[in-house]
Amino acid sequence: MEHFNHIGGMDVPAHSGATLEHIRPSTGQPDARLPRSDVRDVQHAVEAASAAQRAWADRPATERADLCDAIADQLDKRIDEFAALESNDTGKPLTLARNMDISRAIANFRFFAGAVRHDETGAHEMHGAINFTLRRPIGVVGLITPWNLPLYLLSWKVAPAIAMGNAVIAKPSELTPATATALAGIFREVGAPPGVFNLVHGLGGEAGQAIVDHPQIKAISFTGGTATGARVAASAAPVFKKLSLELGGKNATLVFSDADLDAALDGAVRAGFTNQGEICLCGSRVLVERSIYERFTAAFIDRVRALRVGEPSEPSTQVGALISEGHREKVRGFLALAVSEGGTVHGGGVPNRPGWFMEPAVITGLSPTCRTATEEIFGPVVTIHPFDSEVEALAIANGVRYGLSASVWTSDLSRAHRMSVALEVGMVWVNTWLLRDLRVPFGGVKDSGVGREGGRHSLEFFSESRNVCFRWR
Ligand code: TXE
């Protein structure tokens, strides 16, 4: 398979003609090539986007919403094809790709079509004058996305950006180009004006950095690792680019002795290992009240051992391949580190088969302050720790540099409220995990990011508010 950039409505190779090889995680074999774009390709995309943007912003919001709906309809018709592309590129189970990734991408386009149709802005009356708020698109915006939820996260940014009247330049992860290429095909099929959606494939340090550095790209929405986010912020700050950064996490699942234990076990396993643990929201630290720690931990390890690791296309598979050989090395490196830090590793073996598979791992016996328990691993690895009091649980949960999400399992309503207030995170789930409403603010605090997306927060990010003051008396 050969991927192309999509610029000004045309599929084009990189200006240099250079390409990158894509390796399929479930086989370890090359299966596609993609353009290795550089600053010239980004310049070409910026010219195409700038040429299209004003006319696009002048279209009625209802028309821009109709385009988002048309894209959703096409994705819906081709859901199986997109799910297969996503599963091949990432190694994730096909059923997950269908039921989570592509379904959610469809929902994103539909949601932001509705959001922009129903958007409203404020008015502030004075004595003899009135202020009202206009929302204007930013212009050309850059969208940089990671490999773990490729179309899910790309659509989360593309849909509100174009619905608000911007033209976009998207750079998906070099590890997962396929659904972005296929999405460009859908933009063409539904008759989107050329230049509204531009796609530039390539490496982060080349194509990605060129997007971040380009003076005509006025806003960057980035999801990826915290170290990369810091580089993006450092490049964007001196030119006052608008920035949204969704970064890493080391999220705690807190289980109190009064919780429904069966539901908490299910929730903690799901939070730890969905998508091979490669979701920024995954609960990679499970904190359990000491009175139930032994019982809970034994049952947790049993359930994790029962997860089926295997061929992503098999409907019964629950854990697929990790994204790359290098990433699996990094994740398994943490298992060795855990042993050196005094932990006991349950599972974590490598199945005897090609591809970047690994069995899920649970680590017990670690201090909650050691590296394994505080650094983002981003794989199927969970550490589990006892606590004696609410105060201690909070200290452990908040004792990391990250602050993305937490999930609290308890039947005590007052405790749930106290924890929701005291946890230093952007999102708290109580007796659930990853239950998502697209209207709510999404994002993290501390090293997990800056800004919020979701619902009106996305519409606000992808626009500039302008106050107009009319004196009438
Ligand atoms: O992400 P990167 P990587 C975490 C996770 C993982 C680590 C590194 O811990 O192990 O980050 O993953 C582009 N200018 N998360 O290396 O590099 C890059 O091409 C502009 C958490 O894959 O952050 C890709 O499109 N762009 C996370 C995107 O940034 C640059 C999801 C993300 O890649 C760039 C993924 C640069 N200088 C990894 N360098 C989450 N929060 O969901 C890279 N890119």
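Residues numbered from 1 in each chain as written. Predicted model: local features only at pLDDT ≥ 70, side-chain atom pairs only at ≥ 80, totals over all residues. Heavy atoms only, no water.

Contact pair helix α5 (residues 150-163) / helix α6 (residues 178-189): the axes reach a minimum separation of 10 Å and the direction vectors enclose 35°. Seen from above, α5 lies across α6 with right-handed handedness. Residue-level inspection shows P150, L151, L154, V158 and I162 of α5 in contact with α6, the latter providing T179, A180, L183 and F187. Of the residues belonging to the contact of α5 with α6, the class tally is eight nonpolar, one polar and no charged. (Axes fitted to C-alpha atoms, helices over the stretch in contact; angles between N-to-C directions. Helix = DSSP H or I, 4+ residues; strand = E, 2+ residues; numbered from the N terminus. Left-handed = near helix turned anticlockwise from the far one by under 90°. Contact = heavy atoms within 4.5 Å. Nonpolar A, V, L, I, M, F, W, Y, C, P; charged D, E, K, R; others polar.)

Where helix α7 (residues 204-213) contacts helix α8 (residues 226-236), the axes come no closer than 9 Å and their chain directions differ by 35°. By crossing handedness, the relation of α7 to α8 is classed as right-handed. Across from Q209, V212 and D213 in α7, the residues of α8 making contact are V232, S235 and A236. Broken down by class, the residue content of the contact of α7 with α8 amounts to three nonpolar, two polar and one charged.

What follows is about the domain arrangement of the protein. Under the domain assignment, the protein is made up of domain 1 (5-247 + 448-471) and domain 2 (252-437). Here the C-alpha centroids of domain 1 and domain 2 sit 30 Å apart. Listed by partner, the interface residues are 27 residues for domain 1 and 30 residues for domain 2. Roughly 2,100 Å² is buried in total at the junction of domain 1 and domain 2, and carbon and sulfur atoms are behind 59% of that figure. Our enumeration of links across domain 1 and domain 2 arrives at zero salt bridges. Counting the contacts that link domain 1 with domain 2 gives eight residue pairs in polar contact (both at pLDDT 80 or more). Elements with a contribution of two residues or more to the side of domain 1 that touches domain 2: β3 (19-24), α3 (79-90) and α4 (94-117). (Domains from an automatic or database assignment. Buried area = accessible area lost by both parts, 1.4 Å probe. Salt bridge = Lys/Arg side-chain N within 4 Å of Asp/Glu carboxyl O. Polar contact = N/O pair within 3.5 Å; in protein donor to acceptor, adjacent residues only side chain to side chain.)

A few words on the pairing of strand β18 (residues 405-409). The buried fraction of β18 amounts to five of the five residues, a majority that puts the element mostly inside the structure. Residues S405, S407 and W409 point to one face of β18 and A406 and V408 to the other, with burial holding for every one of them. As paired elements, strand β12 (residues 251-255) and β18 share four bridges and run parallel to each other. Looking across to β18, one finds that T253 is bridged to S407. (Buried < 20%, exposed > 50% of the residue type's maximum accessible area, 1.4 Å probe, protein only. Pairing = 2+ DSSP bridges.)

Attention now moves to the nonpolar core. In terms of nonpolar packing, the biggest core is built from 70 residues, with I71, L75, F109, I162, F187, F197 and L281 touching the most fellow members. If one sorts the elements of this core by residue count, α4 sits on top with eleven residues. Counting residues domain by domain, this core receives three or more from each of domain 1 (5-247 + 448-471) and domain 2 (252-437). If we ignore the near neighbours within four places in the chain, the residues touching L281 are N251, L404, S405, M427, W429, W433, L434 and F442. (Core = buried A, V, L, I, M, F, W, Y, C linked by side-chain atoms within 4.5 Å.)

Moving on, we get to the site of the ligand. Neighbouring the ligand are 28 residues, the closest being W147, E174, T228, L247 and K330. A distance of 2.8 Å separates an oxygen atom of the ligand from a polar backbone atom of G225. Between a nitrogen atom of the ligand and a main-chain N or O atom of L247, the distance comes to 2.8 Å. Across the complex, the protein chains shield 86% of the 800 Å² of accessible surface that the ligand would expose by itself. According to the grid-proximity analysis, the pocket containing the ligand is the largest pocket. (Near = heavy atom within 4 Å. Areas by Shrake-Rupley, 256 points an atom, 1.4 Å probe, with all protein chains shown as cover. 1 Å grid on protein atoms, 1.4 Å probe; cavity = no way out; pocket = protein on both sides within 12 Å on 5 of 7 lines; lining within 4 Å. Sits in = over half its atoms within 2 Å of the grid points.)

This paragraph deals with the layout of surface pockets. Empty pockets left among the atoms are what a rolling probe the size of a water molecule brings to light. Empty space within the largest pocket amounts to approximately 790 Å³. What lines the largest pocket is a set of 34 residues, and nearest its centre among them are W147, F222, G224, G225 and T228. Secondary-structure elements contributing two or more residues to the lining of the largest pocket are α7, β10 (217-223), α8 and α11 (325-340). Mapping the lining of the largest pocket onto the domain boundaries places at least three of its residues in each of domain 1 (5-247 + 448-471) and domain 2 (252-437). The calculated volume of the second largest pocket comes to roughly 320 Å³. The wall of the second largest pocket is formed by 14 residues, among which Q53, R54, P137, I138 and G139 lie closest to the centre. The greatest single-element share of the lining of the second largest pocket, amounting to five residues, is contributed by helix α1 (residues 39-58). Considered class by class, the residues forming the lining of the second largest pocket number four nonpolar, four polar and six charged. (Points joined across faces, edges and corners; volume = space filled by probe spheres on them.)

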